[in-house]
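Here's the letter readout for the chains.
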Amino acid sequence: MDRRRVYVLMVLWVMAHLSFPGYGLRALRRTTGGRKGSTGLTGQDANGVPLRRSKRGWMWNQFFLLEEYTGTDMQYVGKLHSDSDRGDGSVRYVLTGEGAGSLFKIDEKSGDIHATKRLDREEKAYYILHAKAVNRFTNEALEGQSEFIIKIHDINDNEPRFTKDVYMASVPEMSDIGTSVIQVTALDADDATYGNSARVVYSILEGQPYFSVDPETGLIKTALPGMDREVKENYQVVIQAKDMAGQMGGLSGTTTVSITLSDVNDNPPRFIKTLYEFRVPESIELGSAVGLIRAMDADIGENAEMDYRIIGSDGPGMFDITTNRSTQEGVILLRKPLDFERKRQYSLRIQVENSHINPRFVVPFRDEASVKIIVEDVDEPPVFERASYVMEVKEDAARNTVIGSVSASDPDDKNSLIRYTIDRRTDMDRVFNIHAGNGSVFILRELDREENAWHNISVIATEFNNPRQISRVPVYVRVLDVNDNAPTFANNYETFVCENAKANQRIQTVSASDPDEPLGGHRFFFSLAQEAAGKANFSVRDNKDNTAWILTRRNSYNSLQKSIYHVPVVISDGEFPMQSSTSTLTVRVCTCDREGKMKLCNAEALTARAGLSTGALVAILLCVIILLMIVVLFAALRRQRKKEPLIISKEDVRDNVVSYNDEGGGEEDTQAFDIGTLRNPEAIEESKQRRDIVPETFYPPVRRPVLPPTRDNNGDVRDFINQRLQDNDSDPTAPPYDSLATYAYEGNGSVAESLSSLESVTTEGDQDYNYLSEWGPRFKKLADMYGGDDSDRDS
C-alpha cells in the first residue's frame, strides 16, 4: 500500500510539471480520513501491546504556477482538502502568508486557490504560505497549520542583455590569427536551472572577416592576418547573444565593440628629399641652427621617434645635428665659425633611424640624405692678430715714447685699410695715444708706477670704407718700476728712555718701507746722520735684515736738563740709483723703576703714550665746533621774527599794470564803471559808491571842509584836484602815496563845453553848428560839414 502511494505521488509530481496549470495540483490533498490526532491499529509490539499511529490530516507538496499568465480568468493554483471535510459546509479553509489575500485567494468552502494577478518569476521566484482548516461555527482548528510553497514556473520572457552598451578594445596591428581582443558577456534573467531559457550563444553580425567570436565564452579574436593600422585603424564589430541555445524562437540582444588597431613600429622613416640645400651668412653665431630636415614615418607615438646623425662631412667638427622631440625634425647646428674667404661650401651626409626598433620586423629602419650648406659673404669687421695685447713701459719713460703696437686686418676680399683709435672711455686721463695708420701706442704723460701700476685701455679698429665695421681689443699696459723713491720709517716711531738707563741699551727697533718694488726685493741700510754723529746720545745698529736698533750711548739721562731727544736716522736702499732719506725718532726721558718700567714722565710724554693721537683730537674738536654752530643757528632762528609786509591783500596795486579790455555796455550801462568821475564834482551823487575803494559802510566817512570857489580860469580843475587830494589824504583805504591817481576831468570852462554825448539832451537836428566858422581855419572842415544849411547838406 505504501509503495503504491509513493508511485502515485511520483506520477502526480511529473504531471504537475508537464501538464497545464490547474491539473494535477488537486491531487495534493489528504487521502485518509480522520481528524488530526486520530489513530488506527497497525499491529503489536514485542510485548503484545497493540500499536496505533496518528493519521496525517494533510498531504503537502509544493504548488507550481506559470509566470506571465495572460488568460482572462484567475489562474488556478491548486486545492486544499481535509479529511474532516464531509461536504456539509462545516469546514472553513484559511490561507495566510506571502501574498495571501492580495496575490492568492482561497475558496473557504472548497479550498480552491487562485492567483489574482499576473506574476513574474524574475521579481519573486516562490511564495511561502500557511493553511489550516477550522470549524466554521466554532472556529475550532480541525487541522494544525501547515506550510506550503507556491513556486513560480519560469518561461522564456527575458532576452539576454550585455553588461555594456558599447565595448572599447584595442589590438596591435599585424597580430596573428586568433589573437584575443576582448571578451563580452550577456546575462539572461530567466531561470538557468530550468530548460534553455537562460542558455546564451554568441555570434558575430558585423565585423567579418576581420574578427570572430567564441559562441560559448564571447571571446573576440582576430580572424585575418596582417591588419595594418596605416590602412584602416578602427573597426566596428556587432555581437549577438541569443538564448534557447541559439535555437529558433529564442530571444536575442546585441552590442557594439569598437576595436582600434594600436600602432607597432612596422614602418621605417623616409626623407622627403634626397638633397637639402641651405644658405647661411658667415657671421652666424656658434650654436645657431643652420637648417632643418625632416623624415616622415607612418607610425605614431614612440614608434615614430627618430634620431639623426652625421655620417659624412667635408668639414669635420664644423656641424652637429640634434633631434627636436616635439616635431621629430633634425636641427643642424654650427659648432665652428664660418669663413667665406676660407671655405664657401660644405657637404654633409645625414642618416635617420627609428629610436625604438621592433625585432619582429627585419625591414631596415633607417634612411639617408645629402645636405649642402652654402656660406654667404658678409662684410666683417677688422680682425686683430691677437685677442689681447700686453705692453710694458718704465715709469720714467719720456712723453711720446712708443710702448708697443697693435695690428688688425680686413678679413674680406676687398682688404680695406684700417684706422686705429683709443676708446677714451677707457683712458679718461689721456695717458696714451695711438698712431691711426700703423697702430703704434705711445704715452702722452709721465707715468708713476706707485700711483697706477697697470693701465687697461681698449683700441678700436675701423674700416676706412665702412666706418660702421669696428672691432675692439684690450691692451694691458704694465708700468715697470724704477728706483725713484727713497725709503722711510715704516711707522711714526716714538719711544722713551729711562733716566737710569745703561749704555748700549736697546730702546727701539725700527724698520723701513719703500713704495718701489725691485726685482730682488728690498735691502735697506740704517745709519746715524752725520750732523748728529759727533754729539750723539744714541747710536744706530743695522741688523742687516732691513731693521735697526736704537741704542743708548750714556749711562744716565736727566729729564730736567733735557726731556726730549730727536735721533736722525739715515735710511738708504741698495738699488741704482741709490735713494736715501732721513727719518727722525723722538725719544723722551722718563723716570723708571729698577726693572726699567716707566713710573713718571713729563705731561707731553704721557699724552703721547697714553692719550689720543693728534688727528683724533682734531676730529673731536671739529665735531664740537660743528655742534656749537648748530645750536647757535637754531637759537638765532627762534629769536628771529618774521616781519609782515605792509600790504598783504590781493588788492595791492603798487607797480601793477591793470588792463581793461572789455568794451562796456554803452551809455545806458551805468554799472560797469563810475561815470561820476568824468563829471563836475558838484554833480556827483552822494549815494553812489566808488568802485575803486572800500565802501564807506565799512569805514565811516570823513567830513571834508568845502573850499571856497575861485574865479580863476582853471579854478574848477584846481578845486577838483585839491578835493581829490584831500579825499585821498583823509581816506584810510586809499592807495599808498606812491600810486598814480588819474583824474579824467576836462573842466567846465571850455568854450566848446563838453564834446561828449553823455550830456546831450537834444537831437542832431536841434544843434546849431554855425559858431564853428568863428573858431578859425583849424575848424573850417567841421564848419563846412555841419555849419551849412540843411539845403546845402542835402544837395
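Look up: the structure comes first, before these words.
Residues numbered from 1 in each chain as written. Predicted model: local features only at pLDDT ≥ 70, side-chain atom pairs only at ≥ 80, totals over all residues. Heavy atoms only, no water.

Participant: Mind showing me how you'd approach the overall build of the protein here?
Facilitator: In terms of helices and strands, the protein carries seven helices and 44 strands. A total of 795 residues make up the protein; the buried ones form 33% of that total. The long-range share in the protein, meaning contacts at least 24 apart out of those at least 6 apart in sequence, stands at 65%. If you sum the accessible surface of the protein, you get close to 51000 Å²; carbon and sulfur atoms cover 51% of it. (Helix = DSSP H or I, 4+ residues; strand = E, 2+ residues; numbered from the N terminus. Buried < 20%, exposed > 50% of the residue type's maximum accessible area, 1.4 Å probe, protein only. Contact = heavy atoms within 4.5 Å. Areas by Shrake-Rupley, 256 points an atom, 1.4 Å probe, with all protein chains shown as cover.)

Participant: What is the right way to look at the sheet that holds strand 35 (residues 470-480) in this model?
Facilitator: In sheet architecture, strand pairing relies on hydrogen bonds along the backbone and comes in two forms, parallel and antiparallel. Taken together, the four strands give an open sheet; going across it, the order is 28-35-34-31, and neighbouring strands pair in mixed fashion. The sheet is open, and its two borders are formed by strand 28 (389-394) and strand 31 (418-422), each paired with just one other strand. Here the average twist between neighbouring strands, direction ignored, is 30°. Relative to strand 35, strand 34 (residues 454-463) runs antiparallel, the two being bridged by nine bridges. In the sheet register, S458 faces strand 35, and the bridge partner there is P474. (Pairing = 2+ DSSP bridges. Axes fitted to C-alpha atoms, helices over the stretch in contact; angles between N-to-C directions.)

Participant: Sorry, what's going on with a negative patch on the surface here?
Facilitator: On the surface, a cluster of negative charge is contributed by D396, D429, D448, E451 and D484. Within the secondary structure layout, E451 lies in the loop between strand 33 (440-443) and strand 34. (Patch = residues over 30% accessible without salt bridge, like charges linked within 9 Å, V, L, I, M, F, W, Y side chains within 5 Å. Salt bridge = Lys/Arg side-chain N within 4 Å of Asp/Glu carboxyl O. Lys, Arg positive; Asp, Glu negative; His and termini not counted. Charge placed at Lys NZ, Arg CZ, Asp CG, Glu CD.)

Participant: Looking at this model, I keep getting lost on the sheet that holds strand 21 (residues 289-296). Mind explaining?
Facilitator: Read across the open sheet, the four strands follow the order 19-21-24-23; overall the sheet is antiparallel. Each edge of the open sheet is held by one strand with a lone partner, namely strand 19 (270-271) and strand 23 (319-324). Bridge count between strand 23 and strand 24 (residues 329-334): six bridges; the pairing is antiparallel. Among the inter-strand pairings, F319 is bridged to a residue of strand 24, identified as L334.

Participant: I'm lost on the packing of aromatic side chains in this one. Help?
Facilitator: We describe a pair of aromatic rings using the distance from one ring centre to the other and the angle between the two ring planes. For the structure on display, the rule yields 12 aromatic pairs. Here F211 and Y235 contribute two aromatic rings whose centre-to-centre distance is 5.6 Å and whose plane-to-plane angle is 75°, an arrangement assigned as edge-to-face. Within this pair, whereas F211 is found in strand 15 (residues 211-213), its partner Y235 is found in strand 17 (residues 234-242), the two being separated by 24 residues in sequence. The buried category is assigned to Y235, whose relative accessible area is 6%. Look at F271 and Y276: their rings are 6.1 Å apart centre to centre, the planes differ by 70°, and that puts the pair in the edge-to-face class. Here F271 and Y276 have matching classes, each one buried. Three or more aromatic residues joined by ring pairs make a cluster, and in this case those are Y210, F211 and Y235. One residue, K124, lies across the ring of Y127, its end atom 5.5 Å from the ring centre. Sitting over the ring of Y346, K343 keeps its end group 5.2 Å from the ring centre. (Phe/Tyr/Trp six-rings, centres within 6.5 Å; stacked < 30°, edge-to-face > 60°. Lys NZ or Arg CZ within 6 Å of the ring centre and 35° of its normal.)

Participant: Sorry if this is basic, but what is going on with the environment of I443 here?
Facilitator: Along the chain, the position of I443 falls in strand 33. Here the alpha-carbon distance between I443 and A398, two residues 45 residues apart in the chain, equals 8.0 Å. Apart from the residues within four sequence positions on either side, I443 is in contact with A397, A398, R399, N400, T401, I403, V431 and F432.

Participant: What's the story with a nonpolar patch on the surface in this structure? I'm lost.
Facilitator: On the surface, V618, L621, L622, I625 and M629 cluster together into a nonpolar patch covering about 490 Å² of accessible area. For M629, the position within the fold is in helix 4 (residues 614-639).

Participant: Could you clarify how one ought to interpret the pairing of strand 24 in this entry?
Facilitator: The side chains of a regular strand alternate, residue by residue, between the two faces of the sheet. Burial runs high along strand 24: six of the six residues are buried. By the alternation rule, side chains of strand 24 split into E329, V331 and L333 and G330, I332 and L334, which are all buried. Counted between consecutive antiparallel strands, the loop separating strand 23 from strand 24 contains four residues, among which Q328 sits at a positive phi close to 60°.

Participant: Can you walk me through the state of the cysteines in this structure?
Facilitator: Simply put, the disulfide is a covalent bond whose two ends are the sulfur atoms of two cysteines. Applying the stated criterion across every chain yields a total of one disulfide. Each disulfide pairs two cysteine sulfurs, and for C498 the partner residue is C592, the sulfurs being separated by 2.0 Å. Measuring handedness by torsion sign, the sulfur bridge of C498 and C592 sits at about -85° and is left-handed. With C498 in strand 37 (residues 494-498) and C592 in strand 43 (residues 580-592), the pair connects residues that are 94 residues apart, well separated along the chain. (Disulfide = S-S within 2.5 Å.)

Participant: Would you mind going over unusual backbone geometry with me for this structure?
Facilitator: For residues other than glycine, phi is negative in most cases, and the peptide bonds are mostly trans. Residues Q208 and P209 are joined by a peptide bond in cis, for which omega reads 5°. Relative to the helices and strands, P209 is located in the loop between strand 14 (201-206) and strand 15. Here F576 and P577 are connected by a cis peptide whose omega angle stands at -10°. Residue position: P577 is located in the loop between strand 42 (564-573) and strand 43. Residues other than glycine seldom take positive phi values, yet M174 does so here, at roughly 60°. Residue position: M174 is located in the loop between strand 11 (166-172) and strand 12 (180-183). Classification of M174 as partly exposed rests on a relative accessible area of 22%. Despite not being glycine, N400 shows a phi value in the positive range, around 65°. Overall, N400 belongs to the exposed group, its relative accessible area being 53%.

Participant: I keep staring at the environment of E206 and nothing clicks. Help me out?
Facilitator: By the secondary structure assignment, E206 is in strand 14. The residues contacting E206, other than those within four sequence positions of it, are Q236, V237 and V238.

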